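For reference, the chains in residue letters:
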Amino acid sequence: MLDAAERLLAQGDASFSMRELAQEAGVSFATPFNQFGSKGAIMLALSERRIAAMRLRLSETASPDAAAARVLAAVEIATAVMLERPAVNRAVMGAIGAPAETPGDVFSQSALLWREALGSGEGLAPDMRATALKTLPVLLAVAFRGALSFWTVGETSNDALEPRARAAAAGALLGFVHEDDRAKMILRIEADLI
């Protein structure tokens, strides 16, 4: 069902009906409703599918030792996933950005991605590590979603998505890294935003 929804979205049909989805999937009209309940739930499932792909790639990638470097590597992975099928992913992001009858689990899944990227916080300022591990996954989820929101509506180009998302992540990390690493973060932010 999700593959069929992606095929329809790839054809530029973000307004597909559940009937069209059933036809594309080769199933009865009732099957999409029975499996998902609504088109909104299908879009949430597609978003969760993207986050699962990001998490899988992160787990399969040799990662740097320092938490901040791992977060920036995770941004690269996450934006690469989104840019593989930009039209599909913009449609999914647009759909999940609208009010839904039943909220999904996208936020907690996104926070989990960033929690995994942080690991145990190696390289973060020792006096800030506990706070960072509690708060940064949420801050990074919000920052990445913000970058995706501007990309979704076309205010951020495909080429600018990764640098802007990386700058947002670096900004969230800024207060949690060692003092001597802050200058590097500021340079990273400036380089990505200029």
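All values reported here derive from a predicted model rather than from experimental measurement.

Some words on the environment of K184
For step 1, the next point in the chain: Considering the arrangement of structural elements, one finds K184 in helix α10 (residues 179-193).
For step 2, the next point in the chain: Put simply, K184 and L174 are 10 residues apart on the chain and 9.4 Å apart in space, counted from C-alpha to C-alpha.

Some words on a nonpolar patch on the surface
For step 1, the next point in the chain: Taken together, F107, V138 and V142 make up a surface patch of nonpolar side chains, about 250 Å² in accessible area.
For step 2, the next point in the chain: Here V138 lies in helix α8 (residues 129-152).

Thoughts on helix α9 (residues 158-173)
For step 1, the next point in the chain: Taking 1.5 Å per residue, 16 residues should reach 22 Å; α9 reaches 24 Å between its end C-alpha atoms and fits that length.
For step 2, the next point in the chain: Every buried residue belonging to α9 is among A160, L161, P163, A165, R166, A167, A169, A170, A172 and L173, and all of these are buried.
For step 3, the next point in the chain: Buried residues along α9 sit in contact with α5 (67-84), α7 (106-118), α8 and α10.

What about the nonpolar core?
For step 1, the next point in the chain: In this structure, L21, W114 and L173 are the most contacted members of the largest nonpolar core, which totals 58 residues.
For step 2, the next point in the chain: No other element matches α5, which puts 10 residues into this core.
For step 3, the next point in the chain: The contacts of W114, once residues within four sequence positions are left out, are V71, A74, V75, A78, P137, L140, A141 and F144.

Quick look at the packing of aromatic side chains
For step 1, the next point in the chain: In the structure shown here, the tally under the stated rule is two aromatic pairs.
For step 2, the next point in the chain: Their ring planes at 65° and their centres at 5.3 Å tell us that F29 and F33 sit as a pair that is edge-to-face.
For step 3, the next point in the chain: According to the relative accessible area criterion, F33 is partly exposed, its value standing at 35%.
For step 4, the next point in the chain: The ring of F29 has R19 lying over it, and the distance from NZ or CZ to the ring centre is 4.2 Å.
For step 5, the next point in the chain: Lying over the aromatic face of F16, K39 brings its terminal NZ or CZ to 4.3 Å of the ring centre.

As for the packing of α9 against α10
For step 1, the next point in the chain: Closest axis-to-axis distance for the α9/α10 pair is 8 Å, and the angle between their directions is 155°. Considering the angle they form, α9 stands roughly antiparallel to α10. Helix-helix and strand crossings are classified by hand; for α9 and α10 the assignment is left-handed. Judged by residue contacts, P163, R164, R166, A167, A170, G171 and L173 of α9 engage M185, R188, I189, D192 and L193 from α10.
For step 2, the next point in the chain: In terms of residue class, the contact of α9 with α10 is built from seven nonpolar, one polar and four charged.

Procedures and definitions
Residues numbered from 1 in each chain as written. Predicted model: local features only at pLDDT ≥ 70, side-chain atom pairs only at ≥ 80, totals over all residues. Heavy atoms only, no water. Helix = DSSP H or I, 4+ residues; strand = E, 2+ residues; numbered from the N terminus. Patch = residues over 30% accessible without salt bridge, like charges linked within 9 Å, V, L, I, M, F, W, Y side chains within 5 Å. Areas by Shrake-Rupley, 256 points an atom, 1.4 Å probe, with all protein chains shown as cover. Salt bridge = Lys/Arg side-chain N within 4 Å of Asp/Glu carboxyl O. Expected span 1.5 Å × (residues − 1). Buried < 20%, exposed > 50% of the residue type's maximum accessible area, 1.4 Å probe, protein only. Contact = heavy atoms within 4.5 Å. Core = buried A, V, L, I, M, F, W, Y, C linked by side-chain atoms within 4.5 Å. Phe/Tyr/Trp six-rings, centres within 6.5 Å; stacked < 30°, edge-to-face > 60°. Lys NZ or Arg CZ within 6 Å of the ring centre and 35° of its normal. Axes fitted to C-alpha atoms, helices over the stretch in contact; angles between N-to-C directions. Parallel < 35°, antiparallel > 145°, perpendicular 65-115°, else oblique. Left-handed = near helix turned anticlockwise from the far one by under 90°. Nonpolar A, V, L, I, M, F, W, Y, C, P; charged D, E, K, R; others polar.

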